[in-house]
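# Structure at a glance
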Amino acid sequence: MFPQLDKGGPTETEKIFSPVDILMYATEGNNLQRGSPLLRTRVCLALTVSWLGAFATGALAQQSGSFNSYPDWSPDGASIVFSSDRLGSSDLFLIAADGSGLRRLTTSDSVDSHPSWSPDGRRIAFDSHRDGNREIYMMSLDEPAPIRLTHDPAWDGSPFWSPDGTRLLFYSERDGNAELYEMDVAGGEPTRLTRTSFNEYYASWSPSGTEIVTEVESEDQRDIYVLTGASGVRERLTHDPSRDHLPAWSPDGSEIVFASRRAGNDDIYVIQRDGTGICNLTTDPAVDVMAKWSPDGRYIVFVSNRRGAFDLYIMTAAGTDVRRVEG
Ligand SMILES: [Ca+2]
Ligand SMILES: [Ca+2]
Ligand SMILES: [Ca+2]
C-alpha cells in the first residue's frame with residue numbers, strides 16, 4: 001500500500017539526531033559487533049537460549065531501507081504510532097499492532113518524530129523541524145492540523161504526556177545544555193525541571209506521575225536516572241561505561257525498559273525500579289532500541305535493523321515470540 005523508498009543514505013537520520021548526537025544508527029548500524037556474553041552483568045539465560053533458538057538463522061540480509069522509529073502504543077493497546085521516512089521525509093504513521101491498517105498522519109516536508117499518544121487516546125504530541133528548528137507540536141486524531149506548543153530557537157524535543165493528560169514533559173537546550181521541562185498541553189511557558197551541567201534527554205513520567213525516568217549524559221557516558229518529587233532527587237539506576245539510553249516505564253511502574261550497548265551493540269534490557277535485577281531481552285547483533293511496553297504489560301514494541309531496514313518489532317515482555325510488525 002505504501003511503497004518504501006530507499007533514501008540512499010542516512011540523511012534523514014542525521015536530521016533527526018545530529019543536534020544532540022543521540023543515535024547515528026544509520027551509520028553505526030553497518031558497523032555491528034558481536035558482543036561477548038561475558039560483558040553482560042546479569043543475563044537472563046533462559047530468555048537468551050529461547051532467543052538464540054528462534055533466530056540462529058536470522059540474517060542481516062538487507063543493507064538499506066526506510067527508518068521506522070520511536071513507536072508508542074495507543075492507550076487501548078490496539079495501535080502503534082511511529083515515525084517513518086518511507087514516503088520521503090520523516091512523517092508520523094499509525095498501524096494496528098497486528099500490522100494492518102497503515103495510515104499516514106502527517107505530511108510535512110520536514111522531519112516529524114518522537115510521537116507520544118495522549119492518555120485519552122485522542123491526541124498525538126510530537127516534535128518537528130517544520131518551522132525551522134525543533135519544536136513541540138500536538139495534533140488531534142480527528143483534526144490533524146498540528147498546533148505548535150514551543151517557540152524557542154533551541155532544540156525542543158521528545159514530548160511525553162503526563163498520566164493525567166494535562167502536561168507534556170520534554171527536553172530543551174534553551175538554557176545551554178539539555179534540561180527537562182514541562183508545559184501545559186494548552187500552551188504557555190514551560191517550567192524548567194532540572195538544573196544540571198549534564199544533558200538530560202528522553203524522559204517520561206511514571207504511571208503514578210510522581211517520578212521521571214530519563215537518560216543522563218555526563219562525561220561521554222549515558223546512564224538511566226530516576227528523578228523523584230518536586231525537589232528532583234536524583235537516583236542513578238545504571239552504572240555502565242557503555243551507553244544506557246531511551247528508558248520507558250512498565251505500566252505498573254515497577255520496571256523500566258531501556259537500550260544499552262553494554263554487550264557491544266544496542267540491546268533491550270529491563271531493570272527493576274529500585275535498580276536491581278537487570279535482564280537483557282534481546283541478543284541479536286543488530287541495533288535493538290526504542291522499546292515501549294504495551295498498556296496491558298504483556299508486550300514490548302521496539303525498533304531493530306536486524307533485517308537491514310529499521311523496522312518495528314513486538315515481543316513478549318519476557319523477550320520471547322519476536323515478530324516484525326509488517327506494513
Ligand atoms: Ca525550538
Ligand atoms: Ca542539564
Ligand atoms: Ca542488539
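Please refer to the structure placed before this passage.
This text gives an overview of the structure that appears in the document. (Residues numbered from 1 in each chain as written. Chains lettered and ligands numbered in written order. Predicted model: local features only at pLDDT ≥ 70, side-chain atom pairs only at ≥ 80, totals over all residues.)

Quick look at the sheet that holds strand β4 (residues 103-104) now. Read across the sheet, four strands follow the order β1-β2-β3-β4 without closing on themselves; strand pairing throughout is antiparallel. Every other strand in the sheet has two partners, leaving β1 (68-73) and β4 as the edge strands with one partner each. For strand β3 (residues 91-96) and β4, the ladder comprises two bridges, and the chain directions are antiparallel. Considered in β4, the bridge of Leu 94 is made with Arg 103. (Pairing = 2+ DSSP bridges. Helix = DSSP H or I, 4+ residues; strand = E, 2+ residues; numbered from the N terminus.)

With 71 residues, the main nonpolar core has Ile 256, Val 257 and Phe 302 as its most contacted residues. With five residues, the single largest contributor to this core is strand β23 (residues 309-316). Apart from residues no more than four positions distant in its own chain, Ile 256 is found in contact with Val 213, Ile 224, Leu 237, Pro 247, Ala 248, Trp 249, Ile 271 and Arg 273. (Core = buried A, V, L, I, M, F, W, Y, C linked by C-beta atoms within 7 Å. Buried ≥ 20, exposed ≤ 12 C-beta atoms within 10 Å, placed from the backbone. Contact = placed C-beta atoms within 7 Å.)

For strand β15 (residues 221-228) and strand β16 (residues 233-236), the ladder comprises four bridges, and the chain directions are antiparallel. The residue of β16 that forms the bridge with Thr 228 is Val 233.

Time to look at unusual backbone geometry. Its identity is not glycine, yet His 114 carries a phi of approximately 50°, on the positive side. If you trace the backbone, His 114 turns up in strand β5 (residues 112-117). Residue classification places His 114 among the buried residues on the basis of 23 C-beta atoms within 10 Å. The phi angle at Met 290 is positive, at roughly 60°, despite the residue not being glycine. Among the secondary structure elements, Met 290 is positioned in strand β21 (residues 288-293). The class for Met 290 is buried, based on 28 C-beta atoms found within 10 Å.

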